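Okay, here's what each chain looks like letter by letter:
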Amino acid sequence: MLLFYLGYLAFVAAPMIGLVWWQRHRRGLNRRAVLQLAILMVAALAACLPQLWVFAAVHWPNRGPQSGSVPLALVQTGTTVLIGTAHFPLGVLPLAALMAGAAALARLAIMRATPPALAPLYPALALGCALLALTGLGFKGRNALPLMLAALPLLAAALAALPRHARGAALALFALFQSVGFYNVAEHRGTAKRSFNTPYREVMATIRTMAADCPQAVVVHHDFVLTYLLPPALPQIGSLSPGGVDLRAGDCLIRVDGAATSLDRAAQAAWQASLGAAPVRIEGAVRFRPEPEAALAGQWLGHPVPDHAAIVTKLRVTGPAQIAPYWPE
């Protein structure tokens, strides 16, 4: 019940927990215990009804950014379970670590060398992966993190079951991969979260410089961080400042691209069209922090991603222009 109120991963976690519990305690159950459990489950479900209504009315109709296709969710879940989330899935090192983990688990399954105490983790892990894939929630790698509680003991047993030389090589590979992952997180490199990577101090200085000779400068972006950094003296059209604006010849549009926030192309079609139709000429552009890996991943996923953490472009308006609101009315 608490898991459901904290997050809807309870749809995945509760069946896993229930399965492991059933495997451990089913032999000791009697009719009285089953009746008590049934009463508790009905009470918990009743307590969840208000949040279940919120889920059905609000979250389920707007689940798009948090879910994906079954194949992609399954791939993301598998990589997270076997090698964690601090990785770039197209890199050589994580792919090698993934292959090592899969090979170790396959050997463990073939040898039937799983310690009896760990045996219940296999069906629980399989159920969790299936639920994450079928619901599409596995599309977000972080959603598979609870499954690592079941996967890590199995992975440790699998590595221990490898021949000595293979065991040492696999452990070294995993240690190297995790070290690179920690480095990437600490240095904010190779991640898809541009808000971690963007050098906002330099970006803000560039915006102020570009706006200095403009009668009116309007910053257009879809970066939640910039929403709070931009001062009132610099009008903005962005994710949390959605209103439109009228511009005259000589005014400036300062466009910032590169945020991690996904654009809803259909909902913001009018905003994009008005930006594309505005009579402007480019007077300069500054790029911050090249990130070709993120752009490559975006191509593979079918979502174009800028190849820099931030691209600031100064556009001089050459005639009357009207920029539509960021969100539709």
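This one's a predicted model, so the numbers in the text were calculated from it and none came from an experiment. (Residues numbered from 1 in each chain as written. Predicted model: local features only at pLDDT ≥ 70, side-chain atom pairs only at ≥ 80, totals over all residues. Heavy atoms only, no water.)

Draft legend 1. Looking closely at the overall build of the chain. Secondary structure assignment for the chain yields 13 helices and seven strands. Here the C-alpha atoms of the chain give a radius of gyration of 25 Å, more than 25% beyond the 20 Å that 2.2 N^0.38 yields for 329 residues. Taken over the C-alpha atoms alone, the chain extends approximately 80 × 55 × 30 Å along its principal axes. For the chain, long-range pairs separated by at least 24 residues make up 75% of all intrachain contacts whose partners lie at least 6 apart in sequence. Element-wise, carbon and sulfur atoms account for 68% of the exposed surface of the chain, whose accessible area totals about 18600 Å². Positive and negative side-chain charges of the chain, numbering 25 and 13 respectively, have mean locations separated by a distance of 21 Å. (Helix = DSSP H or I, 4+ residues; strand = E, 2+ residues; numbered from the N terminus. Rg over C-alpha atoms; globule rule 2.2 N^0.38 Å. Contact = heavy atoms within 4.5 Å. Areas by Shrake-Rupley, 256 points an atom, 1.4 Å probe, with all protein chains shown as cover. Lys, Arg positive; Asp, Glu negative; His and termini not counted. Charge placed at Lys NZ, Arg CZ, Asp CG, Glu CD.)

Draft legend 2. Focus on the pattern of salt bridges. Throughout the structure, instances matching the rule amount to eight salt bridges. A salt bridge links Lys314 to Glu283; its shortest N-O distance comes to 3.6 Å. Residue Lys314 is found in strand β6 (residues 308–317), and its partner Glu283 is found in strand β5 (residues 280–290); the two are separated by 31 residues along the sequence. By relative accessible area, which is 8% here, Lys314 ends up buried. Exposure remark for Glu283: the relative accessible area of 33% places this residue in the partly exposed category. Because the salt bridges share partners, they merge into one network encompassing Asp213, Arg281, Glu283, Lys314 and Arg316. (Salt bridge = Lys/Arg side-chain N within 4 Å of Asp/Glu carboxyl O. Buried < 20%, exposed > 50% of the residue type's maximum accessible area, 1.4 Å probe, protein only.)

Draft legend 3. Examining the pairing of β6 more closely. Judged by how many residues are buried, β6 sits mostly within the fold: 10 of 10 residues are covered. Sheet topology note: the strand β4 (residues 252–257)/β6 ladder contains six bridges and is antiparallel. Paired with Val256 across the two strands is Val312, which belongs to β6. Sheet topology places β5 next to β6; nine bridges connect them, and they run antiparallel. Looking at β6, one finds that Arg287 is bridged to Ile311. (Pairing = 2+ DSSP bridges.)

Draft legend 4. Structural detail: helix α4 (residues 70–83). For α4, which comprises 14 residues, the first-to-last C-alpha distance of 20 Å matches the rise-based estimate of 20 Å (1.5 Å per residue) to within 8%. Among all positions of α4, only Ala73, Thr77, Thr79, Thr80, Val81, Leu82 and Ile83 are buried. Residues of α4 that are buried in the fold lie against α5 (92–111), α6 (121–135), α7 (148–161) and α8 (164–187). Its side-chain oxygen placed 3.4 Å from the backbone nitrogen of Leu72, Ser69 serves as the N-cap of α4. Looking one or two residues beyond α4, the residue adopting positive phi is Gly84, at roughly 90 degrees. (Expected span 1.5 Å × (residues − 1). Polar contact = N/O pair within 3.5 Å; in protein donor to acceptor, adjacent residues only side chain to side chain.)

Draft legend 5. Up close: α6. Along its 15 residues, α6 runs 21 Å from first to last C-alpha, staying within 8% of the 21 Å computed at 1.5 Å per residue. Considered for burial, the residues of α6 that qualify are Leu121, Ala124, Leu125, Gly128, Cys129, Leu132 and Ala133. Burial along α6 is one-sided: seen end-on, the buried residues are contained in an arc of 160 degrees. Contact partners of the buried residues in α6: α2 (10–25), α4 and α7. Note on α6: the residue one or two positions beyond its end, Gly136, has a positive phi of about 80 degrees. (Arc of directions from axis to C-beta.)

Draft legend 6. Molecular detail of the state of the cysteines. Per the stated rule, a full pass over the model turns up one disulfide. A sulfur-sulfur separation of 2.1 Å characterises the disulfide bridge that pairs Cys214 with Cys252. The disulfide joining Cys214 to Cys252 has a torsion of about -85 degrees about its S-S bond and is therefore left-handed. Taken together, the residues Cys214 in the loop between α10 (200–211) and β1 (217–220) and Cys252 in strand β4 connect sequence positions 38 residues apart. We note that Cys214, like Cys252, is buried. (Disulfide = S-S within 2.5 Å.)

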